[in-house]
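The chain contents come next:
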Amino acid sequence: MVRSEDYQAMLDVAIAEARLGLAEGGIPIGAAMFDGEGNLLGRGHNRRVQENDPSVHAETDAFRKAGRQRSYRNCTMVTTLAPCWYCSGLVRQFNIGTLVVGESVNFQGGAQWLRDHGVKVIDLQSSECVDLLANYVVANPAIWNEDIGQD
Ligand SMILES: [Zn+2]
């Protein structure tokens, strides 16, 4: 099984994806999915701006790149930001056992809802993740509101 100290190493993969997205001119949110032994299955980042596609969130990108899995119970989804309802729904739909979030300060999303439904949710409270997105939100408030579905 994955040791808890490995969660930061997993988050580092998601942060690298978020920074890649930022470099592309996109919203800096990254994610990665790992199997029960901690092997990387897929990684991705939000590409709303880059591809004009509101359905490409970091979590859905990593999930799709992981391809088909027989079971997600032992999988860990790692994301730089607490997942929105759309991505929280994905975690529940496929019974992903563990969710690691970099932060839930900029956005709380469905983290508590997932906890209430038996998902192991770990919040690493990463100041690096908080700052990365907060700086983007300040500079791009309209794009951020669009991403979280706020009019
Ligand atoms: Zn999402």
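That block above? That's the structure.
This is a predicted model, so every value here is computed, not measured.

### Details of the overall build of the protein chain
1) Next: Secondary structure summary: the protein chain contains seven helices and five strands in total.
2) Next: The order of α-helices and β-strands along the protein chain, N terminus first, is α-β-β-α-α-β-α-β-α-β-α-α.
3) Next: Relative to the 2.2 N^0.38 estimate, which gives 15 Å for 151 residues, the radius of gyration of the protein chain is 14 Å and therefore close to what a compact globule would have.
4) Next: Looking at the protein chain as a whole, 40% of its 151 residues are labelled buried.

### Concerning the nonpolar core
1) Next: Core analysis: the biggest nonpolar cluster contains 35 residues, and Ala32, Met33, Met77, Val78 and Leu99 have the highest contact counts within it.
2) Next: Counting residues per element, the ones that place at least two in this core are helix H1 (6-23), strand E1 (30-34), helix H3 (58-65), strand E3 (76-79), helix H4 (85-93), strand E4 (98-101), helix H5 (111-116) and helix H6 (127-139).
3) Next: A total of five residues in this core trace back to one element, the largest contributor, which is H1.
4) Next: Not counting chain neighbours up to four residues away, the residues in contact with methionine 77 comprise Ala31, Met33, Glu59, Val91, Ile96 and Leu99.

### Let's talk about the sheet that holds strand E2 (residues 40-45)
1) Next: Judged by pairing direction, the sheet is mixed, and its five strands sit side by side in the order E2-E1-E3-E4-E5 without closing on themselves. The sheet terminates laterally at E2 and strand E5 (120-123), the two strands that pair on one side only. Here the average twist between neighbouring strands, direction ignored, is 15 degrees.
2) Next: Alignment of E3 against E4, held across four bridges, turns out to be parallel. Within E4, the position partnered with valine 78 by the bridge is valine 100.
3) Next: Across the face of the sheet, H1 comes into contact with E1, E2, E3, E4 and E5 while running at roughly 140 degrees to E1.

### A look at unusual backbone geometry
1) Next: The residue asparagine 52 is not glycine, and still its phi comes out positive at about 55 degrees.
2) Next: Of note, the phi angle at asparagine 95 is positive, near 55 degrees, even though the residue is not glycine.
3) Next: Here asparagine 95 is to be found in the loop between H4 and E4.

### What about the pairing of E1?
1) Next: With five of its five residues buried, E1 lies for the most part within the structure.
2) Next: Burial of E1 is two-sided: the residues Gly30, Ala32 and Phe34 facing one way and the residues Ala31 and Met33 facing the other way are all buried.
3) Next: With five bridges connecting them, E1 and E2 associate as antiparallel partners. Bridge assignment links glycine 30 to a residue of E2, and that residue is histidine 45.
4) Next: The antiparallel pairing of E1 with E2 creates a hairpin that spans five residues between the two strands, and glycine 38 there sits at a positive phi of about 90 degrees.
5) Next: Here four bridges tie E1 to E3, and the two strands are oriented antiparallel to one another.

### Concerning the environment of glutamine 93
1) Next: In this fold, glutamine 93 is placed in helix H4.
2) Next: Classification of glutamine 93 by C-beta neighbours within 10 Å gives exposed; the count is 9.

### Some words on H6
1) Next: When the terminal C-alpha atoms of H6 are compared, their 18 Å separation across 13 residues agrees well with the 18 Å that a helix rising 1.5 Å per residue should span.
2) Next: Within H6, burial applies to Cys129, Leu132, Leu133 and Tyr136. Along the long axis of H6, the arc covered by the buried residues comes to 80 degrees, so they all point the same way. Across from the buried face of H6, at angles greater than 90 degrees, the exposed residues are Ser127, Asn135, Val138 and Ala139.

Basis of the calculations
- Within any chain, residue numbers begin from 1 and follow the written order of that chain's sequence.
- This being a predicted model, a pLDDT of at least 70 is required before a residue's local features are given, and a value of 80 or more before pairs of side-chain atoms are given or counted; all residues contribute to the totals for chains, interfaces and linings.
- Segments assigned H or I by DSSP are reported as helices when at least four residues long, segments assigned E as strands when at least two residues long, and all are numbered from the N terminus.
- The size measure is the radius of gyration over C-alpha atoms, and the globule rule it meets is 2.2 Å times the number of residues to the 0.38 power.
- Any residue with 12 or fewer other C-beta atoms within 10 Å of its own C-beta is exposed, any with 20 or more is buried, and the rest are partly exposed; the C-beta atoms used are placed from the backbone.
- Note on definitions: a nonpolar core is a set of buried residues drawn from Ala, Val, Leu, Ile, Met, Phe, Trp, Tyr and Cys, linked by C-beta atoms within 7 Å.
- We call two residues in contact if the C-beta atoms placed from their backbones are at most 7 Å apart.
- Strand pairing is defined by DSSP finding a minimum of two bridges between the two strands.
- Convention adopted: a line fitted to C-alpha atoms gives each axis, helices being fitted over their contacting stretch, and angles between N-to-C directions are expressed from 0 to 180 degrees.
- What a helix is expected to span follows from its residue count: subtract one and scale by 1.5 Å.
- Taking the helix axis as origin, the arc is that swept by the directions to the C-beta atoms.

Take it as geometry only, folks, not as evidence of what the structure does.
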